[in-house]
Amino acid sequence: MAVASHRPDDTTKICTHCDRDIPISNIDLHYAHCSRNLEKCKICGDMVPIKHADEHYTSTHAPVTCSLCSEEMTPEFLGVHKGEKCPKRIVTCDYCEFPLPAIDLFEHQEVCGNRTELCHLCNKYIRLRERAGHEVTCNGVPPEIPRAIREAERERAARRPPPPPPQDFSTRRLLFTIAITGIAILLGSLLFQRKPEDMTQVN
(Lines give C-alpha, C1' and ligand atoms only; values in the text may rest on other atoms or scores of the structure.)
Protein backbone atom coordinates (compact mmCIF):
# COMPACT_ATOMS: atom_id res chain seq x y z
CA MET A 1 0.00 0.00 0.00
CA ALA A 2 1.35 3.41 -0.87
CA VAL A 3 2.02 5.57 2.14
CA ALA A 4 1.65 8.90 0.36
CA SER A 5 1.38 10.59 -2.99
CA HIS A 6 3.77 13.37 -3.93
CA ARG A 7 2.71 16.98 -4.32
CA PRO A 8 4.37 19.30 -6.85
CA ASP A 9 6.03 21.50 -4.22
CA ASP A 10 7.63 18.45 -2.49
CA THR A 11 7.17 19.92 1.00
CA THR A 12 4.06 17.92 1.88
CA LYS A 13 2.52 14.65 0.86
CA ILE A 14 -1.09 13.47 0.91
CA CYS A 15 -1.74 10.58 3.26
CA THR A 16 -3.42 7.83 1.27
CA HIS A 17 -5.43 6.77 4.33
CA CYS A 18 -6.99 10.09 5.42
CA ASP A 19 -6.32 12.32 2.35
CA ARG A 20 -4.72 15.08 4.45
CA ASP A 21 -1.62 17.08 3.58
CA ILE A 22 1.20 15.96 5.85
CA PRO A 23 4.74 17.40 6.00
CA ILE A 24 7.22 15.03 4.29
CA SER A 25 9.30 14.72 7.46
CA ASN A 26 6.31 13.30 9.38
CA ILE A 27 4.57 11.24 6.72
CA ASP A 28 5.84 7.80 7.78
CA LEU A 29 5.03 8.32 11.46
CA HIS A 30 1.66 9.86 10.57
CA TYR A 31 0.67 7.03 8.27
CA ALA A 32 1.55 4.35 10.84
CA HIS A 33 -0.59 6.11 13.48
CA CYS A 34 -3.42 7.03 11.08
CA SER A 35 -3.88 3.58 9.55
CA ARG A 36 -3.74 1.86 12.94
CA ASN A 37 -6.13 4.17 14.84
CA LEU A 38 -8.46 5.89 12.35
CA GLU A 39 -10.96 4.79 9.73
CA LYS A 40 -13.05 6.70 7.24
CA CYS A 41 -16.80 6.65 7.82
CA LYS A 42 -18.44 5.10 4.75
CA ILE A 43 -21.45 7.43 5.07
CA CYS A 44 -20.08 10.92 5.82
CA GLY A 45 -16.37 10.44 4.98
CA ASP A 46 -15.17 11.73 8.36
CA MET A 47 -12.13 10.13 9.92
CA VAL A 48 -13.15 8.64 13.25
CA PRO A 49 -11.20 6.64 15.82
CA ILE A 50 -11.62 2.92 15.12
CA LYS A 51 -12.65 2.27 18.72
CA HIS A 52 -15.45 4.89 18.42
CA ALA A 53 -16.68 3.88 14.94
CA ASP A 54 -19.80 2.12 16.24
CA GLU A 55 -20.61 5.02 18.55
CA HIS A 56 -20.17 7.47 15.65
CA TYR A 57 -22.57 5.47 13.49
CA THR A 58 -25.16 5.11 16.28
CA SER A 59 -25.14 8.79 17.25
CA THR A 60 -24.84 10.26 13.75
CA HIS A 61 -26.15 7.89 11.10
CA ALA A 62 -28.25 5.12 12.67
CA PRO A 63 -31.92 5.39 11.65
CA VAL A 64 -34.21 6.98 14.22
CA THR A 65 -37.96 6.55 14.53
CA CYS A 66 -40.45 9.43 14.52
CA SER A 67 -42.37 9.30 17.78
CA LEU A 68 -45.55 10.44 16.01
CA CYS A 69 -45.81 8.29 12.88
CA SER A 70 -43.10 5.62 13.54
CA GLU A 71 -41.35 6.32 10.21
CA GLU A 72 -37.60 5.60 10.19
CA MET A 73 -35.08 8.15 8.90
CA THR A 74 -31.58 9.46 9.50
CA PRO A 75 -31.19 11.81 12.49
CA GLU A 76 -30.42 14.89 10.39
CA PHE A 77 -33.88 14.73 8.78
CA LEU A 78 -35.87 14.10 11.96
CA GLY A 79 -36.30 17.79 12.89
CA VAL A 80 -37.53 18.77 9.42
CA HIS A 81 -39.79 15.71 9.29
CA LYS A 82 -41.47 16.48 12.63
CA GLY A 83 -41.84 20.18 11.86
CA GLU A 84 -42.99 20.08 8.22
CA LYS A 85 -43.61 16.60 6.80
CA CYS A 86 -44.93 14.23 9.46
CA PRO A 87 -48.57 13.37 8.63
CA LYS A 88 -49.39 13.15 12.33
CA ARG A 89 -47.85 16.47 13.41
CA ILE A 90 -50.37 18.81 15.02
CA VAL A 91 -51.53 21.76 12.90
CA THR A 92 -54.38 24.22 13.30
CA CYS A 93 -57.34 24.86 11.02
CA ASP A 94 -57.13 28.18 9.15
CA TYR A 95 -60.79 28.89 9.85
CA CYS A 96 -61.51 27.74 13.43
CA GLU A 97 -57.94 27.29 14.80
CA PHE A 98 -58.84 23.80 16.03
CA PRO A 99 -55.68 21.65 16.50
CA LEU A 100 -55.67 18.35 14.61
CA PRO A 101 -53.23 15.96 12.84
CA ALA A 102 -51.96 17.24 9.49
CA ILE A 103 -53.30 14.16 7.71
CA ASP A 104 -56.86 15.23 8.62
CA LEU A 105 -56.45 18.95 7.86
CA PHE A 106 -57.59 18.98 4.21
CA GLU A 107 -60.82 17.10 4.88
CA HIS A 108 -61.57 19.21 7.95
CA GLN A 109 -60.99 22.52 6.13
CA GLU A 110 -63.20 21.43 3.22
CA VAL A 111 -66.11 21.25 5.66
CA CYS A 112 -65.06 24.06 8.00
CA GLY A 113 -64.37 26.53 5.20
CA ASN A 114 -67.93 26.12 3.88
CA ARG A 115 -69.45 27.32 7.16
CA THR A 116 -70.88 30.84 6.97
CA GLU A 117 -70.70 33.82 9.31
CA LEU A 118 -72.64 37.06 9.20
CA CYS A 119 -70.70 40.10 8.00
CA HIS A 120 -71.73 42.86 10.39
CA LEU A 121 -70.88 45.53 7.83
CA CYS A 122 -73.13 44.43 4.96
CA ASN A 123 -75.38 41.90 6.77
CA LYS A 124 -74.58 39.13 4.30
CA TYR A 125 -73.61 35.57 5.23
CA ILE A 126 -70.09 34.87 3.95
CA ARG A 127 -68.30 31.51 3.66
CA LEU A 128 -65.27 31.33 5.94
CA ARG A 129 -63.03 30.38 3.00
CA GLU A 130 -64.12 33.62 1.25
CA ARG A 131 -63.97 35.85 4.33
CA ALA A 132 -60.50 37.31 3.73
CA GLY A 133 -61.36 38.42 0.19
CA HIS A 134 -64.75 39.73 1.30
CA GLU A 135 -63.22 41.87 4.07
CA VAL A 136 -61.03 43.59 1.46
CA THR A 137 -63.91 44.43 -0.88
CA CYS A 138 -66.81 44.94 1.57
CA ASN A 139 -67.87 48.60 1.86
CA GLY A 140 -70.43 47.97 4.58
CA VAL A 141 -73.49 48.42 2.34
CA PRO A 142 -75.52 45.57 0.83
CA PRO A 143 -74.98 45.64 -2.96
CA GLU A 144 -78.68 45.36 -3.79
CA ILE A 145 -79.49 48.82 -2.32
CA PRO A 146 -79.58 51.46 -5.09
CA ARG A 147 -77.07 54.30 -4.90
CA ALA A 148 -79.73 57.04 -4.40
CA ILE A 149 -81.15 55.23 -1.36
CA ARG A 150 -77.67 54.75 0.08
CA GLU A 151 -76.84 58.45 -0.30
CA ALA A 152 -80.18 59.48 1.25
CA GLU A 153 -79.54 57.18 4.19
CA ARG A 154 -76.08 58.70 4.71
CA GLU A 155 -77.49 62.27 4.67
CA ARG A 156 -80.26 61.31 7.10
CA ALA A 157 -77.71 59.77 9.44
CA ALA A 158 -75.55 62.90 9.26
CA ARG A 159 -78.54 65.17 10.16
CA ARG A 160 -79.72 62.96 12.98
CA PRO A 161 -78.89 64.49 16.41
CA PRO A 162 -76.40 62.55 18.49
CA PRO A 163 -77.93 60.29 21.13
CA PRO A 164 -78.14 61.78 24.63
CA PRO A 165 -75.31 60.83 26.95
CA PRO A 166 -76.17 58.12 29.47
CA GLN A 167 -77.34 59.43 32.85
CA ASP A 168 -74.54 59.65 35.32
CA PHE A 169 -75.47 58.19 38.66
CA SER A 170 -72.55 59.40 40.69
CA THR A 171 -71.16 57.59 43.68
CA ARG A 172 -71.92 60.55 45.96
CA ARG A 173 -75.62 60.49 45.04
CA LEU A 174 -75.76 56.74 45.72
CA LEU A 175 -74.08 57.12 49.12
CA PHE A 176 -76.43 59.98 50.02
CA THR A 177 -79.47 57.82 49.20
CA ILE A 178 -78.13 54.94 51.30
CA ALA A 179 -77.45 57.28 54.24
CA ILE A 180 -80.98 58.77 54.17
CA THR A 181 -82.52 55.30 54.02
CA GLY A 182 -80.40 54.14 56.95
CA ILE A 183 -81.40 57.13 59.07
CA ALA A 184 -85.10 56.60 58.30
CA ILE A 185 -84.88 52.95 59.35
CA LEU A 186 -83.06 53.86 62.57
CA LEU A 187 -85.63 56.52 63.53
CA GLY A 188 -88.49 54.18 62.78
CA SER A 189 -87.07 51.43 64.95
CA LEU A 190 -86.54 53.86 67.86
CA LEU A 191 -90.13 55.14 67.68
CA PHE A 192 -91.60 51.64 67.65
CA GLN A 193 -89.53 50.67 70.70
CA ARG A 194 -90.77 53.64 72.77
CA LYS A 195 -94.50 53.09 72.23
CA PRO A 196 -94.79 49.93 74.37
CA GLU A 197 -92.88 51.64 77.22
CA ASP A 198 -95.24 54.64 77.14
CA MET A 199 -98.24 52.35 77.29
CA THR A 200 -96.96 50.51 80.38
CA GLN A 201 -96.40 53.82 82.20
CA VAL A 202 -100.01 54.91 81.45
CA ASN A 203 -101.36 51.66 82.94
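Since the structure is predicted, the reported quantities are computational estimates derived from the model, not experimental observations. (Residues numbered from 1 in each chain as written. Predicted model: local features only at pLDDT ≥ 70, side-chain atom pairs only at ≥ 80, totals over all residues. Heavy atoms only, no water.)

The helix and strand inventory of the chain stands at 7 helices and 11 strands. Looking at the chain as a whole, 18% of its 203 residues qualify as buried. Relative to all contacts within the chain whose residues are 6 or more apart in sequence, the contacts with residues 24 or more apart total 5%. (Helix = DSSP H or I, 4+ residues; strand = E, 2+ residues; numbered from the N terminus. Buried < 20%, exposed > 50% of the residue type's maximum accessible area, 1.4 Å probe, protein only. Contact = heavy atoms within 4.5 Å.)

Positive phi, normally seen in glycine, also occurs at serine 70, with a value near 70 degrees. Relative to the assigned elements, serine 70 resides in the loop between strand E6 (64-65) and strand E7 (72-73). Although it is not a glycine, glutamate 97 sits at a positive phi angle of roughly 60 degrees. Structurally, the position occupied by glutamate 97 is in the loop between strand E8 (90-92) and strand E9 (99-101). Given a relative accessible area of 64%, glutamate 97 falls into the exposed group.

In terms of nonpolar packing, the biggest core is built from 6 residues, these being Cys15, Cys18, Ile22, Ile27, Tyr31 and Cys34. Of all the elements, helix H1 (residues 27-37) adds the most residues to this core, at 3 residues. (Core = buried A, V, L, I, M, F, W, Y, C linked by side-chain atoms within 4.5 Å.)

One pass over the structure, following the stated rule, counts 3 salt bridges. The closest approach of N and O atoms between glutamate 130 and arginine 127, which form a salt bridge, is 3.8 Å. Among the residues examined, glutamate 130 registers a relative accessible area of 41% and is labelled partly exposed. (Salt bridge = Lys/Arg side-chain N within 4 Å of Asp/Glu carboxyl O.)

Within the span of helix H4 (residues 105-112), buried status applies to Leu105, Gln109 and Cys112. The arc enclosing the buried residues of H4, seen along the axis, measures out at 65 degrees, which places them on a common side. For H4, the exposed residues lying more than 90 degrees away from the buried face are Phe106, Glu107 and Val111. Next to the buried residues of H4 lie E8 and E9. (Arc of directions from axis to C-beta.)

With that settled, consider the environment of cysteine 96. Position of cysteine 96 among the secondary structure elements: in the loop between E8 and E9. Here cysteine 96 falls in the partly exposed class, since its relative accessible area comes to 33%. Between the C-alpha atom of cysteine 96 and that of glycine 113, which follows or precedes it by 17 residues, the distance is 8.8 Å. The contacts of cysteine 96, once residues within four sequence positions are left out, are His108, Cys112 and Arg115.

This next bit is on the pairing of strand E2 (residues 12-15). Sheet topology places E2 next to strand E3 (residues 21-23); 3 bridges connect them, and they run antiparallel. Residue pairing for E3: threonine 12 is matched across the bridge by proline 23. Where E2 folds back on E3, the antiparallel hairpin that results is connected by 5 residues, among which aspartate 19 adopts a positive phi of roughly 65 degrees. (Pairing = 2+ DSSP bridges.)

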